[in-house]
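# Structure at a glance
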Amino acid sequence: MTLPIEDLTPRQIVAALDEYIVGQDAAKRAVAVALRNRFRRQQLSPADRDDILPKNILMIGPTGVGKTEIARRLAQLARAPFVKVEATKFTEVGYVGRDVESIIRDLAGAAVRLVEREKVEQVRPEAKRRSLERLADMLADEPPKRARKKSDKAAVFDNPIVRQAFDIFGSGEQEEYPDEPLEKSEIEDEKARAQRRRRLLKRIESGELDPETVEIEVEEPSNPFVQVFSPQGLEEMGLDVGGVASPFPAKRALRRVTVGEAKEVLFQQEAQRMIDRQGVHREALARAEQTGIVFLDEIDKVAAKSGGAGPDVSREGVQRDLLPIIEGSTVASKFGPIRTDHILFICAGAFHMSKPSDLIPELQGRLPIRVELSSLSEEDFRRILREPKNALTTQYTKLLEADGVRLSFSEEALDEIARLAVEVNTRTENIGARRLHTAMERLLEDFLFEAPEIEQKSIKVDAKLVKERLSGLAKDEDLSRYIL
């Protein structure tokens, strides 16, 4: 089984990250090397492969500088199972809250969803063909099967006692005769139905019948989730029994939907029938073990020294519980046991109130690669507004296009937005590039509200407009704290 590690060089990985993230070259290089090392490890013999462990990474930097985005984009490049969790969600064993092993169970779930999506894409052509044929059969209104004439029994079944006995025990004889030759009229009916079905299939494929309604049978989810008290704390457990007879059988219900909706529902049903569920689980566990990435944010919040009482009492315990997970252990999940030896852990934190040396020594040793992300400058803000594929200016332009409004920004306007964002970050709390989100939303608030009704369908944002709407707020420190 080939694991889906992208054959990218570190330089190519950094270039791909540059499309979405401005600056932070040291962090990009570190994660690029970590991803490439996973590819290199897959090329080794199985004996050598087990001896090479991932070099986990600790990212240090203020909020809003790209720590989370780097990890997320890295996982997309590698097509690897990825979960992002906050260390503040967890408590040590014995306290109410999630235990750290649930991180790995979440990773296993993410791997199953990832593999399932890939398998669905593989069977899409055949599943689509089957679903369309099923829908054509429904719309063709297949006539009932031929049955023996019952006129000679009509008088007998008029007796309620005899009718009840037949309902309970059956008549003891076959009512249908599929091998009996069809009469000429029935053959003509079958030919007419086949022709009608072919015409319907063409109309369904073309989308001509999408607005029409049809009644289909759907399965309602019967895999309930219950909260149980395990030795590790309160957990949410899914009753997933695979091929075993479930105590919660699937409920079937008739639902009237449009033909367009029915195509998607029937496609999903056919795709699920064609997928080997056990094979999906096996591949997902292997992928999670060999290529999984865990991004553990807010690690600095469990590094601060606790006073020995109150809500901070379990901070050091969380670090101790993380040790075996990061070092390598086996965690039970509903899809099967999963080993954590080769999972890559990327921990991140601002470390405003603490420093990396406040982590317990054992955990520090398991995060050998340290990367410091720098605060964003005004020039970085200018680039963020212009260069990334998902730049804020591009996002708002596409949003207003949905209402037929053409939005554009002058170069001077973008420079002014960047300058004001840096100014507010300096005077209040530094929240990094997230300040641009609040500034842009405040700047375009009226346009977003009035776009469906305004007659002017072309809007040009210039530096004058930016100053009118944001300069006063930026200068007033009290307003800046609450609005920008």
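Residues numbered from 1 in each chain as written. Predicted model: local features only at pLDDT ≥ 70, side-chain atom pairs only at ≥ 80, totals over all residues. Heavy atoms only, no water.

## Section: a positive patch on the surface
A cluster of basic side chains, namely Arg 196, Arg 198, Arg 199 and Lys 202, defines a positive patch on the protein surface. Topologically, Arg 196 is positioned in helix 9 (residues 184-206). Take Arg 196: its relative accessible area is 32%, and that puts it in the partly exposed class. (Patch = residues over 30% accessible without salt bridge, like charges linked within 9 Å, V, L, I, M, F, W, Y side chains within 5 Å. Areas by Shrake-Rupley, 256 points an atom, 1.4 Å probe, with all protein chains shown as cover. Salt bridge = Lys/Arg side-chain N within 4 Å of Asp/Glu carboxyl O. Lys, Arg positive; Asp, Glu negative; His and termini not counted. Charge placed at Lys NZ, Arg CZ, Asp CG, Glu CD. Helix = DSSP H or I, 4+ residues; strand = E, 2+ residues; numbered from the N terminus. Buried < 20%, exposed > 50% of the residue type's maximum accessible area, 1.4 Å probe, protein only.)

## Here's the deal with the packing of aromatic side chains
Two numbers describe a pair of aromatic rings. These are the distance of the centres and the angle of the planes. Scanning the model with the defined rule gives 0 aromatic pairs in all. Just above the ring of Tyr 20 sits the side chain of Arg 73; from NZ or CZ to the centre is 3.8 Å. For Arg 469, the ring lying beneath its charged end belongs to Phe 447, and the centroid distance is 4.7 Å. (Phe/Tyr/Trp six-rings, centres within 6.5 Å; stacked < 30°, edge-to-face > 60°. Lys NZ or Arg CZ within 6 Å of the ring centre and 35° of its normal.)

## Focus: the side chain of Ser 333
By the secondary structure assignment, Ser 333 is in strand 8 (residues 330-333). Among the polar contacts listed, one links the side chain of Ser 333 to the backbone oxygen of Gly 336, at a separation of 2.6 Å. Look past the residues within four positions of Ser 333 in its chain and what remains in contact with it is Arg 105, Ala 108 and Leu 285. (Polar contact = N/O pair within 3.5 Å; in protein donor to acceptor, adjacent residues only side chain to side chain. Contact = heavy atoms within 4.5 Å.)

## Regarding the packing of helix 5 (residues 101-122) against helix 11 (residues 277-291)
Two elements in contact, helix 5 and helix 11, have axes separated by 8 Å at closest approach and are oriented at 125 degrees. Considering the angle they form, helix 5 stands oblique to helix 11. You can see that helix 5 and helix 11 cross each other, and the crossing is right-handed. Of the residues in helix 11, those in contact with Leu 107, Ala 108, Ala 111, Val 112, Leu 114, Val 115, Glu 116, Glu 118 and Lys 119 of helix 5 are Arg 277, Val 280, His 281, Glu 283, Ala 284, Leu 285, Arg 287 and Ala 288. (Axes fitted to C-alpha atoms, helices over the stretch in contact; angles between N-to-C directions. Parallel < 35°, antiparallel > 145°, perpendicular 65-115°, else oblique. Left-handed = near helix turned anticlockwise from the far one by under 90°.)

## Side note on the sheet that holds strand 7 (residues 293-297)
With respect to topology, 5 strands assemble into an open sheet ordered 2-7-10-1-11, the strand pairing being parallel. Strands with a single pairing partner mark the edges of an open sheet, and in this sheet they are strand 2 (82-86) and strand 11 (369-372). On average, adjacent strands in this sheet sit at an angle of 20 degrees to one another, irrespective of strand direction. Inspection of the sheet shows strand 1 (residues 57-60) paired to strand 11 by 4 bridges, in the parallel sense. Looking across to strand 11, one finds that Leu 58 is bridged to Arg 370. Those strands touched by helix 4 (residues 67-78) are strand 1, strand 2, strand 7 and strand 10 (344-349), and its axis lies near 170 degrees from that of strand 7. (Pairing = 2+ DSSP bridges.)

## Digging into the environment of Ala 463
With respect to the helices and strands, the residue Ala 463 is situated in helix 19 (residues 463-475). As for Ala 463 and Phe 409, which are separated by 54 residues in sequence, their C-alpha atoms are 8.9 Å apart. Excluding residues that lie within four positions of it along the chain, Ala 463 makes contacts with Ser 410, Glu 412, Ala 413 and Glu 416.

## Considering the confidence of the model for the chain
Looking at the chain as a whole, its pLDDT mean stands at 77, while 76% of the residues score no less than 70. Here residues 142-157 is a poorly scored stretch, pLDDT under 50, and it has 22 contacts once near neighbours within four places are set aside; other chains count. (pLDDT = per-residue confidence, 0-100.)

## Focus: the environment of Lys 202
As for its placement among the helices and strands, Lys 202 is situated in helix 9. Note: C-alpha distance between Lys 202 and Ala 136 (66 residues apart in sequence) is 9.2 Å.

## Topic: unusual backbone geometry
One non-glycine residue, Gln 24, lies in the positive phi region at around 55 degrees. The topology assignment puts Gln 24 in the loop between helix 1 (10-18) and helix 2 (25-42). For Glu 298, which is not glycine, the phi torsion reads 60 degrees and is therefore positive. You can see Glu 298 is positioned in the loop between strand 7 and helix 12 (315-327).

## Quick look at the pattern of salt bridges
Tallied over the full model, the rule gives 37 salt bridges. For Glu 270, the salt bridge is made with Arg 273, and the minimal N-O distance between the two is 3.0 Å. In this pair, Glu 270 and Arg 273 both sit in helix 10 (residues 259-274), 3 residues apart, roughly one turn of the helix. Residue classification places Glu 270 among the buried residues on the basis of a relative accessible area of 7%. The partner of Arg 382 in a salt bridge is Glu 379, with the nearest N and O atoms 3.2 Å apart. Of this pair, Arg 382 and Glu 379 both sit in helix 14 (residues 378-386), separated by 3 residues, roughly a single helical turn. For Arg 382, a relative accessible area of 22% gives the class partly exposed. According to the relative accessible area criterion, Glu 379 is partly exposed, its value standing at 43%. Overlapping salt bridges bring together Glu 378, Glu 379, Arg 382, Arg 386, Glu 411 and Asp 415 as one network.

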